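Breakdown of the fold
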Amino acid sequence: VMKVPPEFGVDDAALDEMVVPNDLRSVQEPEQRIMADLARHGYDSDTAFAVKLALEEAITNAVKHGNGNDPAKKVTVRYYVDPDRTVIMVRDEGNGFCPGEVPDPTTEENLERPNGRGIMLMQCYMTQVRFNETGNEVWLYKERRRRRT
């Protein structure tokens, strides 16, 4: 089990954790809690939307690909939100994958293939995305950009 990447600047002990059944309905609860935290800390709607999209992608990957839709498995979500940053970890009980082996969805021969788009989407919307060595754990980091006044 990986701890918070040090460059995220958050103490591992500060994260909340939820373990939920492996179905798309159950995983809505941690998502709702995280979105409520973003609202409470005054994140703008664009930033909140970016986090929601990346989180939904990570959770869907965990349920469908990682845990293979197996109802006996669980999804673990750890998260931390403060006024400056959001850190989210999603872990499944699957065998993992090697992120480097996922085809680049932007090359011509892969444009018709869905694989890899989710990872690219998470990387577009978050400040940083990290995977553990096994590939069954993804860390999402979003730095809040404040409007200059």
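Everything discussed here concerns the structure shown above.
Note that the coordinates shown come from a computational prediction; the quantities given were computed from them, not determined experimentally. (Residues numbered from 1 in each chain as written. Predicted model: local features only at pLDDT ≥ 70, side-chain atom pairs only at ≥ 80, totals over all residues. Heavy atoms only, no water.)

Here's the deal with the packing of aromatic side chains
- All chains considered together, the criterion is met by 2 aromatic pairs.
- When the ring of F8 is compared with that of Y141, the centres are 4.6 Å apart and the planes differ by 25°; the resulting orientation is stacked. Here F8 is found in the segment before β1 (16-21), whereas its partner Y141 is found in strand β5 (residues 137-143), with 133 residues between them in sequence.
- Residue Y141 is classed as buried on the basis of its relative accessible area of 5%.
- With 5.3 Å between their ring centres and 85° between their planes, F97 and F131 make a pair best called edge-to-face. Remark: F131 occurs in strand β4 (residues 128-131) and F97 occurs in the loop between β3 (85-91) and α3 (117-125); sequence separation between them is 34 residues. (Phe/Tyr/Trp six-rings, centres within 6.5 Å; stacked < 30°, edge-to-face > 60°. Helix = DSSP H or I, 4+ residues; strand = E, 2+ residues; numbered from the N terminus. Buried < 20%, exposed > 50% of the residue type's maximum accessible area, 1.4 Å probe, protein only.)

Here we look at helix α2 (residues 45-66)
- Spanning 22 residues, α2 covers 30 Å between terminal C-alpha atoms, matching the ideal 32 Å at 1.5 Å per step.
- Taken as a whole, α2 has its buried residues at T47, A48, A50, V51, A54, L55, A58, I59, A62 and V63.
- Where α2 is buried, its residues touch α1 (28-40), β2 (74-81), β3, α3 and β5.
- The backbone nitrogen of D46 lies 3.1 Å from a side-chain oxygen of the residue at the head of α2, namely D44.
- A positive phi of about 55° marks G68, the residue just after α2. (Expected span 1.5 Å × (residues − 1). Contact = heavy atoms within 4.5 Å. Polar contact = N/O pair within 3.5 Å; in protein donor to acceptor, adjacent residues only side chain to side chain.)

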